[in-house]
Structure formats: C-alpha cells, structure tokens
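Fold and contact review
Letter by letter, the chains look like this.
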2 protein chains.
Amino acid sequence: MAHLHDPANAGPANPDPACPGCAAPDLAFAPHDHDHCAADALARAEALVAERGARMTPVRRRVLEILLEAHRALGAYDVLNRLAAEGFGNQPPVAYRALDFLEEQGFAHRIQRLNAFTACMHPGEAHAPAFLICRSCNAVAEAPAAPVLAALDRAATGSGFAVERASIEALGLCPGCQRGGAGGSA
Amino acid sequence: MAHLHDPANAGPANPDPACPGCAAPDLAFAPHDHDHCAADALARAEALVAERGARMTPVRRRVLEILLEAHRALGAYDVLNRLAAEGFGNQPPVAYRALDFLEEQGFAHRIQRLNAFTACMHPGEAHAPAFLICRSCNAVAEAPAAPVLAALDRAATGSGFAVERASIEALGLCPGCQRGGAGGSA
DNA sequence: GGTATGTATGTAATATCATAACACGTCAAG
DNA sequence: CTTGACGTGTTATGATATTACATACATACC
C-alpha cells in the first residue's frame, strides 16, 4: 500500500527511489510514495538501536511502524488501540512506554500542540526539528530548524538562560489546504 | 506583598518604578519587585478591553490577577481552586473560559509543554512570544521571539507552508538554577 | 543447565487536563 | 417589559497521562 503525504490521498504516488519527499522540506507536504521512507526510517532505527545497545522489542518496533505508516501525528490512545487489536497489552502504559522509548532514541517526536506523536523521518541526524502543523488537514511536517534554534539560543542567552531542548511548532496551512479548503473546512 | 521573579523569593526587591525586570529579557529571571509589573499589565489589559468593546468581568479580572500574582505558569485547576476558594464557580469551565478569553485578548499565554497558563507581561504589543521554561524551578520567562519567528517563517515558506501562529518553548535552566541546584534538584 | 540481575511488558487503579451541553442570571436595546 | 446576547454556574463526560505493582523475558555469570 502506498501511503501519501497528502492527507486526502489525492494525487498519484511518486515512487522516486530516493524519496526526497520525506526528507526535503520543500516536498514534505507533496504527495509521494511513502513506503520506503518508512522502511528506510525503520531500518535506520534498527541499526541505531543495535549500535547503542538498546533493544528494539516487538512492541516498540510495532509502534514505530504504526507511526511510520500513519504518516501523521497519532495520539497515544490511537496507537494503543492498534496495539491492543494486535494482541499487545491494552493499557495506556504499554503505548506510553514505547512512545517514550522511541522519543528518547530520536525515532519519534511528540507534538505538544496535538498531544500526539509522529515518526521521525531522519533518525540519527542532528535533532532539532520544527513542526509545521496544518490546522485544516492535521498533516505534520518537519522543517529544518537549525536557524530557528540558533535564533532562539541567542534570545535565551540574553537572559542567561541555558536552552537544553526546544519545541518549535507552527500552526497554519499546508500548501494543499491553501489552495483547496483553505478556510479550515477540509 | 512583593513578588519576586526569583522563585525562591531570595534576594531583595527592586522597586524600580520602570520595572525593567518584567519586560527586559536580560532581567526576566532576575529578582525584582513585581507588584507594579502586575498592576501595570492589569491596567493595560483593562484599557485594551474597553477599547475593544469586550468585557473585563470579575472572574476574568480575578483570573488575570491570579496569573499576574503567581508570576509563573499555573494549571487551569490551580486557577480554578483559587477561584473556588473566593466564591466563584468551582467547575473547570469557569477557569477555562476565563483563560481562553484572556488568551484571545493577548493577556495570557498557554504553555503547551506544561499544560499551564501564564500572564502576558506586555499585553497589546506585537505578539510573538518565545518561552524559556526552567526545568528545575519551573519559572517561565518570555523572550523576544521576532528573530526566531522570522527564521521559522523562512523555513516554513520553503515548504509552501503558511504559518499563522507558532509556539516556541525552550526547556533548560534559568540563571539561578545554573548556579544553585543546577542538576535539577531544586 | 541454573540462577541472579536488569529490563521490558501486562494490568489495575487513579490522576490530570479539557470540553459538551444545558440552565440561569444580567444587562442593554428596542 | 420582552427579547437577545453574553457571561456564569453546574452536571456529566471525555481525553490524556502516570503510579504502582506483578509477571515475563533476556543476558551474564557460576
């Protein structure tokens, strides 16, 4: 099954083997074949976990797959329901623990604004994501945040504040929703 | 009563009538007399509300005062408990409605990361706050975010994404906690 | 193999945060 | 003095998240 970034699944898949859509910011919202973005992210996660001496257990792997397949932000209970339907535990900690693990390892991110989680499209790389959240279709994209963080760090340093982690989340309209049901009707 | 920005109330009040501490980023975490920052913010809020044809009712005013006095982020239920203790309603909507109103008017901000609310120190001015949240003492300061937002907007525009609102929240250590119980013990 | 240890998972119970829906009160316009 | 808009009070419920404890599984060591 070819998942598309486009939330309405409108538009043909783009089976480009390099799949720039998943990583390149200017394509993050464009429809494209997403399967191997997911496969690739999963493979990299497996490798990193091994390298770090951590363990990619069935629940954790499955949660990561769920996030990767969804290709949008999922609530912990959404994840939990899918796990439960597949025979894993059906109590909140099962989902939260796996999600926490994935976040610690940098394989998933929490979107504060949505109380939701999303798979990281480039695990292992320097991690400083900014999220672009479409208020119309709820799609979420990662944008390069290095310059944003640099600016934030300058502002913070002015107060003597030492930034350790930052959440940068923008709410607005993705390209598709600007053209289509831009008013928020979609 | 002289509230200090310093969470431990350690250090003498600074009754400077201009109270730079409440607005100047390099003083946001410094101990200083906060009373008239609050009074000033409240007065400006009252003026703005009148100007806009909205109504600053007793509950709303009291909630704003509570936030201003606390000078830190308060959960909706913290606010609610105080309201209830003073004879206002004691059900969540009472607090949430007032908080929503204050946020719409730009008199308060929601800190996503903490599920909490904080009074705005400069209502009416251009609104693009970045928040610096101390993970040790939970103090929250607003930092100038214009450059940060500019950087974010550039990143977003690269994806064709139209930013409408942004939450920028940094977690780290405030100056006091870097010196003192910096490890997170405080 | 057997056992100890650390780590992961399963489960119950509960805490915390937030909203929907409806009733009542107040105030100003007509 | 009715009407309509708005704000508040209240009930009930929904959504999100954590604590605490029991069990299972994996690895290292003997």
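Residues numbered from 1 in each chain as written. Chains lettered and ligands numbered in written order. Predicted model: local features only at pLDDT ≥ 70, side-chain atom pairs only at ≥ 80, totals over all residues.

**Details of the overall build of chain A**
Scanning chain A from N- to C-terminus turns up six helices and five strands. Of the regular secondary structure in chain A, the N- to C-terminal order runs α-α-α-α-β-β-β-β-α-β-α. Considering only residue pairs separated by 6 or more positions, chain A has 54% of its internal contacts joining residues 24 or more positions apart. (Helix = DSSP H or I, 4+ residues; strand = E, 2+ residues; numbered from the N terminus. Contact = placed C-beta atoms within 7 Å.)

**Some details on helix α3 (residues 76-85) of chain B**
Residues and elements named next belong to chain B. Here α3 has its buried residues at Ala76, Val79, Leu80 and Leu83. Looking straight down α3, one finds its buried side chains confined to an arc of 100 degrees; they lie on one side. Buried residues in α3 make contact with α2 (58-70), α4 (92-104) and β2 (116-119). Gly87 lies just past α3 and shows a positive phi near 95 degrees. (Buried ≥ 20, exposed ≤ 12 C-beta atoms within 10 Å, placed from the backbone. Arc of directions from axis to C-beta.)

**Considerations on the relation of the copies chain A and chain B**
Under the fitted operation, chain A is carried onto chain B by 0.1 Å of movement along the axis and a turn of 180 degrees, and the coordinates agree to an RMSD of 0.1 Å. The two molecules are tied by a two-fold rotation axis, judged by turn and shift. Rotation axis and chain A: the residue whose C-alpha lies nearest the axis is Ile168 of chain A, separated from it by 2.3 Å. The share of interface residues of chain A whose copies in chain B are also at the interface is 100%, consistent with both copies meeting through the same surface. (Least-squares fit on C-alpha atoms with pLDDT ≥ 70 in both.)

**Digging into the pairing of strand β1 (residues 108-111) of chain B**
Residues in a regular strand project their side chains so that they alternate between the two faces of the sheet. Residues and elements named next belong to chain B. Two elements, β1 and β2, share four bridges in a ladder whose sense is antiparallel. Note that in β2 the partner of Ala108 across the bridge is Ala119. Following β1, the chain reverses through four residues before pairing antiparallel with β2; Asn115 in that reversal takes a positive phi of roughly 45 degrees. (Pairing = 2+ DSSP bridges.)

**Concerning the interface of chain A and chain B**
The interface of chain A with chain B comprises 37 residues on the first partner and 37 residues on the second. Sorting elements by how many residues they give to the side of chain A that touches chain B places strand β5 (residues 162-173) of chain A first, with 12 residues. Across the side of chain A that touches chain B, the residue classes tally to 25 nonpolar, seven polar and five charged. Relative to strand β5 (residues 162-173) of chain B, β5 of chain A is paired through 11 bridges, and the arrangement is antiparallel. Of the residues in β5 of chain B, the one forming a bridge with Ile168 of chain A is Ile168 of chain B. (Nonpolar A, V, L, I, M, F, W, Y, C, P; charged D, E, K, R; others polar.)

**What about the protein's contact with DNA strand C?**
What surrounds DNA strand C is a group of 21 residues, the closest being Thr57, Gly89, Gln91 and Pro93 of chain A together with Pro92 of chain B. Mapped onto the surface near DNA strand C, the elements with two or more residues apiece are α2 (58-70) and α4 (92-104) of chain A together with α3 and α4 of chain B. With five residues, the top contributor of residues to the surface near DNA strand C is α4 of chain A. Of the residues assigned to the surface near DNA strand C, the class counts are 12 nonpolar, six polar and three charged. (Near = placed C-beta within 6 Å.)

**Re the packing of α2 of chain B against α4 of chain B**
All names here are of chain B. In contact at an axis separation of 9 Å, α2 and α4 are set at 75 degrees when each is read in the N-to-C sense. Relative to α4, the element α2 lies roughly perpendicular. Across the interface between the two elements, Val59, Arg60, Val63 and Leu64 of α2 pack against Val94, Ala95, Ala98, Leu99, Phe101 and Leu102 of α4. Taken together, the residues that form the contact of α2 with α4 break down as nine nonpolar, no polar and one charged. (Axes fitted to C-alpha atoms, helices over the stretch in contact; angles between N-to-C directions. Parallel < 35°, antiparallel > 145°, perpendicular 65-115°, else oblique.)

**Some details on the protein's contact with DNA strand D**
Close to DNA strand D lie 22 residues, the nearest being Pro92 of chain A together with Thr57, Gly89, Gln91 and Pro93 of chain B. Secondary structure elements with two or more residues in the surface near DNA strand D: α3 (76-85) and α4 of chain A together with α2 and α4 of chain B. Along the lines of polarity and charge, the residues of the surface near DNA strand D split into 13 nonpolar, six polar and three charged.

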